[in-house]
Amino acid sequence: MKRAFWIILTAVLALAIGLAAAESYEGTIVAGEIQPVAAAYGGRIMDLKVETGDLVEEGQELAAIGTTRNYAPVEGTVTGLYIAEGDKTEDITERYGASLYIEPTNRYLIAATSEKAYNASENRYVHLGERVYLKCVADGSHKGTGMISALTEKGYNVEVTGGEFLIEEKVEIYRKSNFSKESAIGRGTVERAKPVAVKGAGSVLKIHVANGDFVERGEILFETVDGVLDGLYAPGENIVSPVKGIINSVEKARGETINKGDTLMKIVPTESLRVEFLVQESDLFLLKEGQKVRMELYWDTEPGRIYEGKITRISHIQEAVKDGTTATRQNYKVYASIQADEQIRAGMTVILSIDTGNAAAEEPAGETETVEEAPAAE
């Protein structure tokens, strides 16, 4: 009977010591890591889709950087498409003379002079963009229209806008559609129109055409951005979040110019969130890294919602904290992990409960058992 009494008393004492050894602290949810989001290329920020404090998912669009769009200068067929997405246009132009070429719909060009022009002063002067009428010298069976496209040292060039002619065929050029001799302004030779070079500047982000495509004048051909794309890889014009997390800060504004490598914004990854709390130096011996922690949100009205974690770090630098109006006590910062869910926000207050008495509670039980066994041996 005496032995049973001691065993019961020991159990009660062990429970009391264990309960007393559970320490409570007040902590704050803080960022364990801040991850910058950098621009993969330069340009103007066209759209910002998030603000500081927003929760974002991995892969979610954060911002869009504007591109330089390169358009077809003439109507025709795309040929000699030398660029690929990710290429630097200057390198391609240096090698091939252009990023791509367009064979114009107007296939003929006439190198003309004022030879055989009607002897009138006004017929010795031609004007850029002037509409003219064409007729072959041989028998007049080939007719068409054209536009004066350039002035040269020897005369001028006419871009044929209508009609069929033979290469190297001689034609007469008139100002009037009735081919009156008084409107003759010269004569020239039909040549094949050269493909029109489209060069561009910067690195190619996106190509909208392929070899052999017919394009209208003003149709988009490709888009470029400032800077060199890493690994000649074109990531797209939208910047996306690399992780799930909280927007800690937005460093640039809509409409602002950004260079490759500039930090656009900073994100706190959700998985890096942790709890920071202060422990007096007299309590340090009760804590160790890896120790389990139970936590509740201070504002939470839902009973039973408990978060579990572990002590991940105990600082070796003291934090002096005023206690009342005069006394100063020494504290140390301690950090604990937490499995963050949608309820968790940076800066929230957390109540931590740390069981520091398990090992201490087991020791009296062993000592009491030994004391009980001694009288029995006598």
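A quick note: this is a predicted structure, and the numbers were derived from the prediction, not measured. (Residues numbered from 1 in each chain as written. Predicted model: local features only at pLDDT ≥ 70, side-chain atom pairs only at ≥ 80, totals over all residues. Heavy atoms only, no water.)

S.K.: Mind showing me how you'd approach the confidence of the model for the chain here?
M.R.: If pLDDT is low for a region, its predicted coordinates should not be looked at in detail. When the pLDDT values of the chain are averaged, the result is 85; 86% of them are 70 or greater. The low-confidence segment residues 1–20 (pLDDT under 50) makes 15 contacts with residues lying over four places distant or belonging to another chain. Throughout residues 358–378 the model reports pLDDT below 50, and contacts reaching past four residues in sequence, or to other chains, amount to 14 contacts. (pLDDT = per-residue confidence, 0-100. Contact = heavy atoms within 4.5 Å.)

S.K.: What should I look at first to understand the pattern of salt bridges in this one?
M.R.: In total, this model carries eleven salt bridges according to the counting rule given. Of the charged contacts in the structure, one is a salt bridge between Glu164 and Arg107, with a shortest N-O distance of 2.9 Å. Pair noted here: Glu164 is in the loop between strand S12 (156–163) and strand S13 (170–174) and Arg107 is in the loop between strand S8 (100–104) and strand S9 (108–113), with a separation of 57 residues, a long-range link. Residue class for Glu164 comes out partly exposed when judged on its relative accessible area of 49%. Across the pair Lys252 and Glu256 runs a salt bridge whose closest N-O atoms are separated by 3.8 Å. Looking at Lys252, the relative accessible area reads 21%, which means it is partly exposed. In this structure, a network of salt bridges that share partners links the residues Asp47, Lys49, Glu61 and Arg254. (Salt bridge = Lys/Arg side-chain N within 4 Å of Asp/Glu carboxyl O. Helix = DSSP H or I, 4+ residues; strand = E, 2+ residues; numbered from the N terminus. Buried < 20%, exposed > 50% of the residue type's maximum accessible area, 1.4 Å probe, protein only.)

S.K.: Just to check I follow, could you spell out unusual backbone geometry for this structure?
M.R.: Most peptide bonds take the trans configuration, and most residues that are not glycine carry a negative phi. One non-glycine residue, Glu168, lies in the positive phi region at around 70°. Mapped onto the elements, Glu168 comes out in the loop between S12 and S13. Phi is positive for Phe179, close to 55°, though the residue is something other than glycine. Within the fold, Phe179 resides in the loop between S13 and strand S14 (184–192). Look at Phe179 and you get buried, because its relative accessible area is 17%.

S.K.: Help me understand helix H2 (residues 89–96) in this model?
M.R.: Taken together, the buried positions of H2 are Thr89, Ile92 and Thr93. Along the long axis of H2, the arc covered by the buried residues comes to 100°, so they all point the same way. In H2, those exposed residues whose orientation departs by more than 90 degrees from the buried face are Glu94 and Arg95. On its buried face, H2 sits against strand S16 (203–207) and strand S18 (220–225). (Arc of directions from axis to C-beta.)

S.K.: I tried to follow the sheet that holds strand S11 (residues 143–151) on my own but got confused; where do I start?
M.R.: Judged by pairing direction, the barrel is antiparallel, and its six strands sit side by side in the order S9-S12-S11-S10-S13-S14 before closing back on the first. Recorded for the sheet is a direction-independent mean angle of 40° between the axes of neighbouring strands. Looking at chain direction, S11 and S12 are connected through seven bridges and run antiparallel. Within S12, the position partnered with Ile148 by the bridge is Val158. (Pairing = 2+ DSSP bridges. Axes fitted to C-alpha atoms, helices over the stretch in contact; angles between N-to-C directions.)

S.K.: What should I look at first to understand the sheet that holds strand S2 (residues 35–38) in this one?
M.R.: One key point about sheets: their strands pair by backbone hydrogen bonds, in either a parallel or an antiparallel sense. Pairing in this open sheet of four strands is antiparallel, and the strands run S2-S22-S20-S4 from one edge to the other. Strands with a single pairing partner mark the edges of an open sheet, and in this sheet they are S2 and strand S4 (55–56). By the bridge criterion, five bridges tie strand S20 (residues 245–250) to strand S22 (residues 263–269) in an arrangement that is antiparallel. Its bridge partner lying in S22, Gly245 is registered against Pro269.

S.K.: Help me understand the packing of aromatic side chains, please; the structure alone is not making it clear to me.
M.R.: Any two aromatic rings considered together are summarised by their centre-to-centre distance and by the angle between their planes. This structure, assessed with the given rule, holds five aromatic pairs. An angle of 35° between the planes, with centres 5.5 Å apart, marks the rings of Tyr25 and Phe277 as tilted. Of this pair, Tyr25 sits in strand S1 (residues 22–30) while Phe277 sits in strand S23 (residues 274–280), and the two are 252 residues apart along the sequence. Tyr25 sits in the buried class, given a relative accessible area of 9%. Ring centres of Tyr82 and Tyr101 lie 6.4 Å apart, and the angle between their planes is 90°; this geometry places the pair in the edge-to-face category. Of the two residues, Tyr82 is situated in the loop between strand S7 (76–79) and H2 and Tyr101 in strand S8; the sequence distance between them amounts to 19 residues. An aromatic cluster is defined as three or more aromatic residues linked by ring pairs; in this entry it consists of Tyr82, Tyr96 and Tyr101. The side chain of Arg274 reaches across the aromatic face of Tyr335, ending 3.9 Å from its centre. (Phe/Tyr/Trp six-rings, centres within 6.5 Å; stacked < 30°, edge-to-face > 60°. Lys NZ or Arg CZ within 6 Å of the ring centre and 35° of its normal.)

S.K.: Explain the side chain of Asp283 here, please?
M.R.: Locating Asp283 in the fold gives a position in the loop between S23 and strand S24 (292–297). Judged by relative accessible area, Asp283 falls into the buried class, the value being 19%. One polar contact links Asp283 to Tyr25, side chain to side chain, over a distance of 3.3 Å. (Polar contact = N/O pair within 3.5 Å; in protein donor to acceptor, adjacent residues only side chain to side chain.)

S.K.: Sorry if this is basic, but what is going on with the pairing of strand S3 (residues 43–48) here?
M.R.: Where a strand is regular, its side chains alternate between the two sheet faces. The sheet contact formed by S3 and strand S21 (residues 257–258) spans two bridges and is antiparallel. Of the residues in S21, the one forming a bridge with Arg44 is Thr257. Where S3 and strand S5 (residues 61–65) come together, three bridges link them in antiparallel fashion. What sits directly across from Ile45, in S5, is Ile65.

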